[in-house]
Number of protein chains: 2
Amino acid sequence: MSDEPKAPKHSLVVVNTGNGKGKTTAALGVLFRAWGRGLNVCMLQFIKSTTSNYGENKAARKAGIEIIGLGGGFTWLSTDIEKDKALARELWDQCKEKIASGDYDVVALDEFTYPLAYGWLPTEEVIEFLKQRPKRTHVIITGRDAPQELIDYADLVTEMKEIKHPFQQGIKAQPGIEF
Amino acid sequence: MSDEPKAPKHSLVVVNTGNGKGKTTAALGVLFRAWGRGLNVCMLQFIKSTTSNYGENKAARKAGIEIIGLGGGFTWLSTDIEKDKALARELWDQCKEKIASGDYDVVALDEFTYPLAYGWLPTEEVIEFLKQRPKRTHVIITGRDAPQELIDYADLVTEMKEIKHPFQQGIKAQPGIEF
């Protein structure tokens, strides 16, 4: 192996996982930075919460960055696994369309590890699709419990690990800083 | 202790540390999100690199977010410890001024752990200042090797842990995605 880093064959698959803060926020930072370079970016959000996306949606609108909430009713607490699977597939189809369009330099799939970790979407199928994606398109996947196969396939994986959280001291989440 | 989270007495001190990606990027995401809410934010960068800030500086300019590179010649590889200490103090004075102004909702001190970890600034002095800061001002500190006293004092601490990095596979850093 040469000491000289070789140019990448294609763009990167990035995974932000772990139980700590900053998985979505770091993805957002990447989008913001890429947007600063004039690149075309979007974020597709799997878990839509009424509060936690508020700040980033406002910021995205203000900057003209696309953040798309997929299926407002999506929940990982359903008792009907077949329903969950069908919905996960429907949302994944929307992601595939965005990625396959070739229009984007960076596509972030926010909280996408959950449908994988819960077995609603086969990770191998997702990896097969990512292998075929347009060469220009970086994909960032966020969420806890990223499956090992995804970690093995990804180019850049960071674990955000909680060392200390204000909830532990009974302090409420802060608008503007945490969401 | 009550189950009900109590309202914070003042804003948060957030630390993003660890050897992985996403420390600065997550801080940037927080600033972007807060900016989306119309809050007043800025980032002061201790370690100024000619390439690694490129994307975020462009994004910041485009959005009108203040990112200030402190002392272009700052390096943690100097052989003159007294010179390092003097420079660290000079840069810290600039940070103190920004924070003490009371004009900001969020101030990010990027790569600020280094002058602390290298002993150029006493961590206790920094903590004493942070305790006196205006109540509205959240402070985010990023960088590897955050001193334990800072972790003990901070409200929210995340370790960004490298699981896998493209450098390991000989792939170069990608503009737009990594810087």
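Preceding this paragraph is the structure being described.
Residues numbered from 1 in each chain as written. Chains lettered and ligands numbered in written order. Predicted model: local features only at pLDDT ≥ 70, side-chain atom pairs only at ≥ 80, totals over all residues. Heavy atoms only, no water.

The operation linking the two copies of the chain is a rotation about an axis combined with a translation along the axis. By a simple turn and slide, chain A fits onto chain B: the slide is 0.0 Å along the axis, the RMSD is 0.0 Å, and the turn is 180°. Put plainly, the chains are arranged around a two-fold axis. (Least-squares fit on C-alpha atoms with pLDDT ≥ 70 in both.)

Counting across every chain of the model gives eleven aromatic pairs over all chains. Seen in terms of ring centroids, Y118 of chain A and W120 of chain A are 5.1 Å apart; in terms of plane orientation they differ by 25°. Their pairing is stacked. Looking at W120 of chain A, the relative accessible area reads 5%, which means it is buried. Aromatic pair F46 of chain B and F112 of chain B: ring centres 4.9 Å apart, planes at 50°, arrangement tilted. Remark: F112 of chain B occurs in the loop between β4 (106-110) and α4 (113-117) and F46 of chain B occurs in the loop between β2 (41-45) and α2 (54-63); sequence separation between them is 66 residues. There is no split in this pair, since F46 of chain B and F112 of chain B are both buried. What links up through ring pairs into an aromatic cluster is the set F32 and W35 of chain A together with F32 and W35 of chain B. The aromatic ring of W35 of chain B is capped on one face by K62 of chain A, whose charged end is 4.4 Å from the ring centroid. (Phe/Tyr/Trp six-rings, centres within 6.5 Å; stacked < 30°, edge-to-face > 60°. Buried < 20%, exposed > 50% of the residue type's maximum accessible area, 1.4 Å probe, protein only. Helix = DSSP H or I, 4+ residues; strand = E, 2+ residues; numbered from the N terminus. Lys NZ or Arg CZ within 6 Å of the ring centre and 35° of its normal.)

Here we take up the packing of helix α2 (residues 54-63) of chain A against helix α1 (residues 23-36) of chain B. Viewed as axis vectors pointing N to C, α2 of chain A and α1 of chain B meet at an angle of 80°, and their least axial separation amounts to 7 Å. Looking at the two axes, α2 of chain A sits roughly perpendicular to α1 of chain B. Taking contact as the criterion, the partners of G55, E56, K58, A59, A60, K62 and A63 of chain A in α2 of chain A are, on α1 of chain B, F32, R33, W35 and G36 of chain B. Grouping the amino acids of the contact of α2 of chain A with α1 of chain B by side-chain chemistry returns five nonpolar, two polar and four charged. (Axes fitted to C-alpha atoms, helices over the stretch in contact; angles between N-to-C directions. Parallel < 35°, antiparallel > 145°, perpendicular 65-115°, else oblique. Contact = heavy atoms within 4.5 Å. Nonpolar A, V, L, I, M, F, W, Y, C, P; charged D, E, K, R; others polar.)

Overall, mixed pairing links the twelve strands, which are arranged β3(A)-β2(A)-β4(A)-β5(A)-β1(A)-β6(A)-β6(B)-β1(B)-β5(B)-β4(B)-β2(B)-β3(B) in an open sheet. Each having just a single partner strand, β3 (66-69) of chain A together with β3 (66-69) of chain B make up the two edges of the open sheet. For this sheet the average axis-to-axis angle between neighbouring strands, irrespective of direction, equals 15°. For β4 of chain B and strand β5 (residues 138-142) of chain B, the ladder comprises four bridges, and the chain directions are parallel. In the strand pairing of β5 of chain B, L109 of chain B is matched with I141 of chain B. In the packing of helix α3 (residues 81-100) of chain A onto the sheet, the strands contacted are β2 (41-45), β3, β4 (106-110) and β5 (138-142) of chain A, and the crossing angle to β4 of chain A comes to about 170°. (Pairing = 2+ DSSP bridges.)

Time to look at the interface of chain A and chain B. Between chain A and chain B, the residue contacts involve 61 residues of the former and 61 residues of the latter. When the two sides are added together, the surface that chain A and chain B hide from each other amounts to roughly 5600 Å², 63% of it contributed by carbon and sulfur. The interface formed by chain A and chain B holds four salt bridges in total. R33 of chain B is the partner of E56 of chain A in a salt bridge, and the nearest nitrogen-oxygen pair spans 2.4 Å. In this assembly, chain A and chain B are joined by 18 residue pairs in polar contact (both at pLDDT 80 or more). (Buried area = accessible area lost by both parts, 1.4 Å probe. Salt bridge = Lys/Arg side-chain N within 4 Å of Asp/Glu carboxyl O. Polar contact = N/O pair within 3.5 Å; in protein donor to acceptor, adjacent residues only side chain to side chain.)

Moving on to the packing of helix α3 (residues 81-100) of chain B against helix α5 (residues 123-131) of chain B. Residues and elements named next belong to chain B. At a minimum axis distance of 11 Å, the contact between α3 and α5 shows a crossing angle of 15°. Relative to α5, the element α3 is oriented roughly parallel. Read as a crossing pair, α3 and α5 show a hand that is right-handed. Packed against α3, whose contacting residues are R89, W92, K96, I99 and A100, the element α5 presents E125, V126, F129 and L130 at the interface. (Left-handed = near helix turned anticlockwise from the far one by under 90°.)

Mapped onto the elements, E162 of chain A comes out in strand β6 (residues 156-164). Each C-alpha atom of the pair E162 of chain A and N19 of chain A lies 5.9 Å from the other, and the pair is 143 residues apart in sequence. Other than its neighbours up to four places away in sequence, E162 of chain A contacts N19, G20 and Q168 of chain A together with V157 of chain B.

Here we take up the pattern of salt bridges. All names here are of chain B. Applying the stated criterion to the full structure yields 14 salt bridges over all chains. Close ionic contact of K131 with E128 constitutes a salt bridge, the shortest N to O distance being 3.2 Å. One end of the pair, K131, and the other, E128, are both in helix α5, three residues apart, so they sit about a helical turn from each other.

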